[in-house]
Amino acid sequence: MALGGTAKKLQKVAEMAEDVYKKLNELREQVVEVRETVNETKSRVDRLEAENAEQRAILEAIAEEQGVDLDAAIAQAHISEAEDDAAGDETADAEDDASSDATTDDA
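Residues numbered from 1 in each chain as written. Predicted model: local features only at pLDDT ≥ 70, side-chain atom pairs only at ≥ 80, totals over all residues. Heavy atoms only, no water.

## As for the pattern of salt bridges
Selection rule: The term salt bridge refers to a side-chain nitrogen of Lys or Arg lying within 4 Å of a carboxyl oxygen of Asp or Glu. Helix and strand definitions follow DSSP, with helices as H or I runs of at least four residues and strands as E runs of at least two, each counted in order from the N terminus. The cut-offs for exposure are 20% and 50% of the maximum accessible area for each residue type, with area from a 1.4 Å probe on protein chains only; residues under the lower value are buried, those over the upper are exposed, and the others partly exposed.
Within the structure shown, the criterion is met by four salt bridges. Where Glu-40 meets Arg-44, a salt bridge forms, and the shortest distance between an N and an O atom there is 3.9 Å. Of the two residues, Glu-40 and Arg-44 both sit in helix H1 (residues 2-66), four residues apart, roughly one turn of that helix. For Glu-40, a relative accessible area of 45% corresponds to the partly exposed category. Taking the relative accessible area as the measure of exposure, Arg-44 reaches 42% and is therefore partly exposed. A salt bridge links Arg-56 to Glu-60; the shortest N-O distance between them is 3.0 Å. Taken as a pair, Arg-56 and Glu-60 lie in helix H1 at a separation of four residues, close to a single helical turn. Here Arg-56 falls in the partly exposed class, since its relative accessible area comes to 43%. Among the residues examined, Glu-60 registers a relative accessible area of 34% and is labelled partly exposed.

Here is the structure:
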């Protein structure tokens, strides 16, 4: 009897080990896929950064030729963006206040 129980336990352990091995192999494959994706993404980002640098150089050359103050234009763009963000935040806050007032009135 003791040998039969031991054999069953060993069989169960062996099956569990096979499951762990399968899961480990699946995980290994996923890691390889993630590495490939990361490498592809890095290549794309590197290419985009190079293109961006080229475009910036071209824009700076055109701006200089046309007498445009590039720093002032960039600053103005940041100011406009900040103002838009602030206006959006105020609108969202007003909407949140209105919805919480409606909820309070319902209670």
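Picking up where we left off.
## As for H1
Note the threshold: Each residue after the first adds 1.5 Å to the expected span of a helix.
Here H1 contains 65 residues, and its C-alpha end-to-end distance of 94 Å stays within 8% of the 96 Å for a straight helix at 1.5 Å per residue. Looking one or two places after H1, you find Gly-67, whose phi comes out positive at around 75 degrees.

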